[in-house]
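Commentary on secondary and tertiary structure
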Amino acid sequence: MGPRADMAVTLAPMFCPLCGGADTRVVDSRPADQGASIRRRRACSDCGSRFTTYERAEAVALVRKRDGHVEPFQTAKVRRGFEFALADRDAAAEGLDSMVERVEQVARSQGPVIESDVIGRAVLDELRAADEVAYLRFASVYKDFQGASDFERELAGLEGD
């Protein structure tokens, strides 16, 4: 469904990478990356140079929280959770980006709307493999530990693996 005739649509200009001019036009447009993007060949009216741009749709994963509300998936929140759990741990220096990336992959593979528990379990799995102390730190918040018995139960589960 396109814009209504009575609605004004304002598009941001595509600036020329050579001269910075805002007066560019599309010369050619075709599918690229097996249909995952659109390749546009552009020409600058100011300096005459030609350049290529790629347009890709960005899928936004949504997270359904425990209380039922839905919000966009935020990589920064996942990273902060890892950083909190790994604070002052040797594992923090190694592999943080990889762990965050694997959790993102899990989130994307679940479809457009993911339950927050899926993300929490993916973080726990990554931490369990990386550092047991960091795992317990995160689990204590994520699983809402109420006392020492919760820590003992979780530690027994770690030792059983």
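Scroll up a little and you will see the structure.
Along its length, the protein carries five helices and six strands. Reading the helices (α) and strands (β) of the protein from amino to carboxyl end gives β-β-β-β-β-α-α-β-α-α-α. Seen through its C-alpha atoms, the protein measures out along the principal axes to roughly 70 × 40 × 25 Å. Burial statistics for the protein: of 161 residues in total, 31% are counted as buried. Roughly 11,000 Å² of accessible area belongs to the protein as shown, and the carbon and sulfur atoms make up 51% of that amount. Charge centroids of the protein, computed over 23 positive and 28 negative side chains, lie 9 Å from each other.

Turning our attention to the sheet that holds strand β6 (residues 113–115). The sheet built from three strands is open, its strands ordered β5-β4-β6 with mixed pairing. The sheet terminates laterally at β5 (70–72) and β6, the two strands that pair on one side only. The sheet shows a mean angle of 35° between the axes of neighbouring strands, taken without regard to direction. Sheet strands in contact with helix α3 (residues 116–130) are β4 (62–64) and β6, and its direction is about 60° off that of β6.

Turning our eyes to something else, we now look at unusual backbone geometry. One non-glycine residue, Gln34, lies in positive phi territory at about 55°. Structurally, Gln34 is set in the loop between β1 (24–32) and β2 (37–44). Taking relative accessible area as the criterion, Gln34 reaches 87% and is therefore assigned exposed. Here the phi dihedral of Asp88 falls at roughly 65°; this positive angle occurs in a residue that is not glycine. Here Asp88 is to be found in the loop between α1 (75–86) and α2 (96–109). Since its relative accessible area comes to 80%, Asp88 is described here as exposed.

Before going further, it helps to examine the sheet that holds strand β3 (residues 50–56). Pairing within the open sheet is antiparallel, and its three strands lie in the order β1-β2-β3. The sheet is open, and its two borders are formed by β1 and β3, each paired with just one other strand. If you compare each strand with its neighbour and ignore which way they point, the axes differ by 25° on average.

Another point: α1. For α1, with twelve residues, the first-to-last C-alpha span of 16 Å sits near the 16 Å given by 1.5 Å per residue. Residues Val78, Gly81, Phe82, Ala85 and Leu86 constitute the buried set of α1. Each buried residue of α1 sits inside an arc of 120° when the element is viewed along its axis, so together they form one side. Here the buried face of α1 lies against α2, α3 and α4 (132–142). Asp88, located one to two residues past α1, shows a positive phi value of around 65°.

Next up on the list: the pairing of β1. The side chains of a regular strand alternate, residue by residue, between the two faces of the sheet. Alignment of β1 against β2, held across eight bridges, turns out to be antiparallel. The residue of β2 that forms the bridge with Asp28 is Arg41. Hairpin connection, β1 to β2: the antiparallel pair is bridged by four residues, and Asp33 has positive phi, about 50°.

Turning our attention to the packing of aromatic side chains. Under the counting rule described, the total for this entry stands at two aromatic pairs. With centroids separated by 5.8 Å and ring planes inclined at 15°, the aromatic side chains of Phe138 and Tyr142 adopt a geometry described as stacked. Separated by four residues within a single helix, Phe138 and Tyr142 lie in helix α4, roughly one turn from each other. Across the pair, Tyr142 and Phe138 agree in class, each one buried.

Cut-offs used in this document
- Residues numbered from 1 in each chain as written.
- Predicted model: local features only at pLDDT ≥ 70, side-chain atom pairs only at ≥ 80, totals over all residues.
- Heavy atoms only, no water.
- Helix = DSSP H or I, 4+ residues; strand = E, 2+ residues; numbered from the N terminus.
- Buried < 20%, exposed > 50% of the residue type's maximum accessible area, 1.4 Å probe, protein only.
- Areas by Shrake-Rupley, 256 points an atom, 1.4 Å probe, with all protein chains shown as cover.
- Lys, Arg positive; Asp, Glu negative; His and termini not counted.
- Charge placed at Lys NZ, Arg CZ, Asp CG, Glu CD.
- Pairing = 2+ DSSP bridges.
- Axes fitted to C-alpha atoms, helices over the stretch in contact; angles between N-to-C directions.
- Contact = heavy atoms within 4.5 Å.
- Expected span 1.5 Å × (residues − 1).
- Arc of directions from axis to C-beta.
- Phe/Tyr/Trp six-rings, centres within 6.5 Å; stacked < 30°, edge-to-face > 60°.

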